[in-house]
Amino acid sequence: GVAGLDVTMVDGDPADTSSIGADGSITALAQVDANAVASSTEGNADAEAGDLSTDATGIGTASTMNVVGFRSNGTFNVGDAANLNTDASVDLVANATSTSGVADADALLTNAAGLEQTGTFNIGAGATIDADSVITGDADATTVGNATSDSATADAVVTANTGADTSVLSIGEGGSFT
């Protein structure tokens with residue numbers, strides 16, 4: 001996965017604690033721009049951006065793409081008047097062209113989140129938390145083949161797009177979470 005700031009504790013013990021002090025400021029950005037282009041004059045063209053299937057050249061197993069601005073699996077405390085800005089930004093483009101054969105273009109994303117917190121998340125009085133996730137994608141497939149097996153398939157799919165995904169959340173008086 002891609003993370004702007006990953007505060008993952010080795011054993012995932014909820015007692016593990018990380019903090020941003022009073023008046024502290026953190027900006028965490030995870031940004032992915034992936035373009036896949038495949039073309040063939042005789043045969044198939046397969047372009048994949050984001051999640052990759054076993055069809056992708058050189059890949060022995062499939063892989064999924066997860067893009068997170070800020071991730072933590074322990075307790076995370078944000079002090080009074082602190083500022084935490086977390087963003088995930090993803091742009092996927094897949095373009096496949098075959099003169100004679102199958103053209104398959106996939107722009108696929110498993111998960112994008114501005115903030116993922118699986119432990120306890122405590123936001124202090126007057127603190128500001130801003131979490132955003134923005135995804136753009138395009139898939140184009142073209143074939144000019146005349147055989148019955150020639151086809152063009154284009155998929156642009158996102159499984160999950162979340163601004164903030166939290167388990168246990170506590171916000172102090174005057175705290176802000178957008």
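Residues numbered from 1 in each chain as written. Predicted model: local features only at pLDDT ≥ 70, side-chain atom pairs only at ≥ 80, totals over all residues. Heavy atoms only, no water.

With respect to the overall build of the protein chain
Thinking step 1. The number of helices and strands found in the protein chain is 0 helices and 11 strands.
Thinking step 2. Expressed along its principal axes, the backbone C-alpha trace of the protein chain runs to roughly 65 × 30 × 20 Å.
Thinking step 3. Relative to its full complement of 178 residues, the protein chain shows a buried share of 36%.
Thinking step 4. For the protein chain, the share of sequence-separated contacts (at least 6 apart) that also reach a separation of at least 24 residues comes to 80%.
Thinking step 5. Summed over its atoms, the accessible surface of the protein chain is roughly 8600 Å², and 47% of this surface lies on carbon and sulfur atoms. (Helix = DSSP H or I, 4+ residues; strand = E, 2+ residues; numbered from the N terminus. Buried < 20%, exposed > 50% of the residue type's maximum accessible area, 1.4 Å probe, protein only. Contact = heavy atoms within 4.5 Å. Areas by Shrake-Rupley, 256 points an atom, 1.4 Å probe, with all protein chains shown as cover.)

Re the pairing of strand 6 (residues 75-78)
Thinking step 1. Pairing of strand 2 (residues 17-20) with strand 6 involves 4 bridges; the strand directions are parallel. Bridge pairing links isoleucine 20 to valine 78 in strand 6.
Thinking step 2. Sheet topology note: the strand 6/strand 8 (residues 103-123) ladder contains 3 bridges and is parallel. Bridge assignment links valine 78 to a residue of strand 8, and that residue is isoleucine 123. (Pairing = 2+ DSSP bridges.)

Structural notes on the pattern of salt bridges
Thinking step 1. In this structure the tally under the stated criterion is 2 salt bridges.
Thinking step 2. Taken together, the salt bridges that share partners define one network made up of Asp6, Arg71 and Glu116. (Salt bridge = Lys/Arg side-chain N within 4 Å of Asp/Glu carboxyl O.)

Quick word on the sheet that holds strand 9 (residues 128-143)
Thinking step 1. Across the sheet, which stays open at both edges, the 4 strands sit in the order 3-7-9-11 with parallel pairing between neighbours. At either margin of the open sheet sits one strand with a lone partner, and together these are strand 3 (25-40) and strand 11 (176-177).
Thinking step 2. Taken together, the 16 bridges between strand 3 and strand 7 (residues 83-98) define a ladder with parallel strand orientation. Residue pairing across strands places asparagine 35 opposite valine 93, the latter belonging to strand 7.

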